[in-house]
Amino acid sequence: SIVMNWAHEIEERSDFRMHLAYGPRRNQILNSWQREGGIALTSYATARTLGADAFARQIALVVADECHYVKNPYARRTRVFASIAGMADSVVLMSGTPMENRLEEFIDIIRLANKTHADGLELYLSGSFDRQLDFRRDVAPVYLRRKQDDVLHELPRLIEIDDWLELSPAELGSYRSH
């Protein structure tokens, strides 16, 4: 759904030629992108399957949405993405949950866009630095955080719909025990 949403946004908001490298014709589509330029749009799974060589060319910008999917530096998906990002002049990483579990994961994500800056943040991993304001200052050059109040006006109004469910005996037992 992320790929299709981006395809829609690119078609609606830009004049770039988009090459949707997805599905059974993805190799032919990437070859077309190699020749013609424009935007190559794909998923992490497709990129992992094809490998970074399929994207080998000078790339002006790589945008990775839901970048928390590439937070594990040992995963093939992350290694392939890191290789693709390494071909780019600029990298933009986007996520609604960039630091959901551990600081190490957040720094690993930053490393994909700016290794030097990420290396400088590793001092916070030692545990001896417990200065939240220093961390915010040090991460600010590579991290833009939008607050809920900044984006609420962009979201549709909440619609609550009550619906009745019939629970199985196991579900009913679990419900009553809580």
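These numbers were taken from a predicted model, which means no experiment stands behind them.

Cut-offs applied
Residues numbered from 1 in each chain as written. Predicted model: local features only at pLDDT ≥ 70, side-chain atom pairs only at ≥ 80, totals over all residues. Heavy atoms only, no water. Core = buried A, V, L, I, M, F, W, Y, C linked by side-chain atoms within 4.5 Å. Buried < 20%, exposed > 50% of the residue type's maximum accessible area, 1.4 Å probe, protein only. Helix = DSSP H or I, 4+ residues; strand = E, 2+ residues; numbered from the N terminus. Contact = heavy atoms within 4.5 Å. Expected span 1.5 Å × (residues − 1). Arc of directions from axis to C-beta.

Caption draft 1: Expanded view of the nonpolar core. Phe55, Ile59, Phe81 and Ile84 are the most contacted members of the largest nonpolar core, which has 23 residues in total. In terms of residues, this core owes the most to one element, helix 4 (residues 76-86), which gives 4 residues. Ignoring sequence-local partners within four residues, the contact set of Ile59 consists of Trp33, Ile84, Met87, Ala88 and Asp89. Counting 8 residues, the second largest nonpolar core, distinct from the first, contains Ile107, Ile110, Leu121 and Val139.

Caption draft 2: Representation of helix 1 (residues 2-13) in the model. In this model, helix 1 (12 residues) spans 16 Å end to end at C-alpha, consistent with the 16 Å of a helix rising 1.5 Å per residue. Val3, Ala7 and Ile10 are the residues of helix 1 that are buried. Each buried residue of helix 1 sits inside an arc of 70° when the element is viewed along its axis, so together they form one side. Across from the buried face of helix 1, at angles greater than 90 degrees, the exposed residues are Glu12 and Arg13. The elements touched by buried residues of helix 1 are strand 1 (18-20) and strand 2 (39-41).

Geometric descriptors of this kind do not, in isolation, establish any biological role.
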